[in-house]
Amino acid sequence: MNIQNKNIVITGAANGIGHALAKRMSEESPKSISLIDIKSSLKEVARSFNADSYIVDVSNEHNFQTILKDIINKNGSIDLFCSNAGIQQFGTLETSTLDWQKNWDVNVMSHIYAAKVLIPHMKKQGSGYLLLTVSAAGLLNMPGAIAYATTKHAAMGLAENLAIMFGNDGIKVSALCPQLVDTDMLKSSGDIPEDHPLLKDGVLSADFVANETIKGINAEKFLILPHKQVKKYIQGKAFDYDSWIEAVKELAP
Ligand SMILES: NC(=O)c1ccc[n+]([C@@H]2O[C@H](COP(=O)([O-])OP(=O)(O)OC[C@H]3O[C@@H](n4cnc5c(N)ncnc54)[C@H](O)[C@@H]3O)[C@@H](O)[C@H]2O)c1
C-alpha cells in the first residue's frame, strides 16, 4: 500500500517506535495523521508533524472506540491503522493477576477493540490496512518476561487470524516483530549484560524500524522483521522445537 493521500492513525505515538512511525509517515504526503497516546506529551509531538492528537488509554474499550469513531467522522476514513501502543512487564510466577490483566488489556485487547470498529469500516470502504506492533517475543518468547511474551504471542495469533479472516475483504494486515529497539521501553529493561546473545543482533534505532515498516507496508508483507536474523530463528524453532527450547533456556536470567 502506498501511504500517499491516506488517513493514518498511530497509537503509542508519544514515544519510541510510534513517534518514529509518525515522523516517517508524515514525510510520505498522507492525507491526515492522527496520533493517540495515554501521555499528554503527545500534543507537542503531534504539533511537530502537523497531526491531530488524542489522549486516551487504548485499554479502555469505550473511550478508545469513541475516539476511533470521532476520527472516522472527522477525516471520512481510516485507511492505515498502526496499533503500536504496548507495555512491557518483567517477572515470572510473581507477576500479579492485576499485572497480567494490564498486559492482556494493552497488548491484546486494545487491538481487538480497534478491530471491532475498523474491520466493519474497512469492509464497507472495500480496503484498509492494520499494522500490529507485536515483537520478536511474540514469535520466539522472552525468558524473564512471562506476561509480555505470552500476550505478544496472543497478539501474533490475533494478527494472523485477522489477515486470514478479512484478507478477502480487501483488508491487509502486517505484524511488526523487532528484537531490541532503542526506546524508553528498552531503557526500562535495565542494563543488559554485554555478552547477552540478543545484543549481537543489534539494538536498532526506532527510525530504522519505522523505515523498514514503511517498506513492509509498501510491499504488503504480513511479517515485518527489522532484525533479519529473526526469520532464521523461527525456521529453527519450527524445524526442531525441543532443541529450540534447550537453546532459549540458556537465555533465562
Ligand atoms: N523497544 C523494543 O525493544 C521493542 C521490541 C519489540 C517490540 N516492541 C513493541 O513496540 C511497541 C512500541 O514500544 P516502544 O519500544 O516504542 O516503547 P515506548 O515505551 O517508547 O512507547 C510506547 C508508547 O505507548 C504508549 N502507551 C502505553 N500504554 C498505553 C495505553 N494504555 N494507551 C495509550 N498509549 C499507551 C506509551 O505512553 C508510549 O508513548 C510496543 O508494542 C512494544 O511492545 C518494542
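Residues numbered from 1 in each chain as written. Predicted model: local features only at pLDDT ≥ 70, side-chain atom pairs only at ≥ 80, totals over all residues. Heavy atoms only, no water.

**Q** Just checking my understanding: could you explain the sheet that holds strand β2 (residues 32-37) for this structure?
**A** Each strand in a sheet pairs with its neighbour through backbone hydrogen bonds, running either in the same direction (parallel) or in the opposite one (antiparallel). Strand order across the open sheet formed by seven strands is β3-β2-β1-β4-β5-β6-β7, with parallel pairing between neighbours. The open sheet is flanked by β3 (52-55) and β7 (223-224), the only strands paired with a single partner. Across six bridges, the pairing between strand β5 (residues 128-133) and strand β6 (residues 171-176) is parallel. Within the sheet, the bridge partner assigned to L130 lies in β6 and is V173. Helix α1 (residues 16-26) contacts β1 (7-11), β2, β4 (80-83), β5 and β6 of the sheet and is inclined by roughly 165 degrees relative to β1. (Pairing = 2+ DSSP bridges. Helix = DSSP H or I, 4+ residues; strand = E, 2+ residues; numbered from the N terminus. Contact = heavy atoms within 4.5 Å. Axes fitted to C-alpha atoms, helices over the stretch in contact; angles between N-to-C directions.)

**Q** Please clarify how the site of the ligand should be interpreted in this entry.
**A** Neighbouring the ligand are 28 residues; I17, D37, D57, Y148 and T183 lie closest to it. Separating an oxygen atom of the ligand from a side-chain N or O atom of D37 is a distance of 2.6 Å. At 3.2 Å from a nitrogen atom of the ligand is found a main-chain nitrogen or oxygen belonging to I38. If the ligand stood free it would expose 830 Å²; the protein chains cover 93% of that surface. Of all the secondary structure elements, the ones that give two or more residues to the shell around the ligand are α1, α6 (146-166) and α7 (184-187). Per-class residue counts for the shell around the ligand are 14 nonpolar, nine polar and five charged. (Near = heavy atom within 4 Å. Polar contact = N/O pair within 3.5 Å; in protein donor to acceptor, adjacent residues only side chain to side chain. Areas by Shrake-Rupley, 256 points an atom, 1.4 Å probe, with all protein chains shown as cover. Nonpolar A, V, L, I, M, F, W, Y, C, P; charged D, E, K, R; others polar.)

**Q** I keep staring at the packing of α1 against helix α8 (residues 206-218) and nothing clicks. Help me out?
**A** Geometry of a packed helix pair, given as the angle between the helix axes and the separation of the axes. Contact geometry of α1 with α8 gives a least axis separation of 8 Å together with a crossing angle of 60 degrees. In terms of their interaxial angle, α1 and α8 are classed as oblique. As for the relative orientation of α1 and α8, their crossing is right-handed in sense. In this structure, α1 uses G16, I17, A20, L21, K23, R24 and M25 to contact α8, whose residues at the interface are A206, D207, V209, A210, N211, T213, I214 and I217. (Parallel < 35°, antiparallel > 145°, perpendicular 65-115°, else oblique. Left-handed = near helix turned anticlockwise from the far one by under 90°.)

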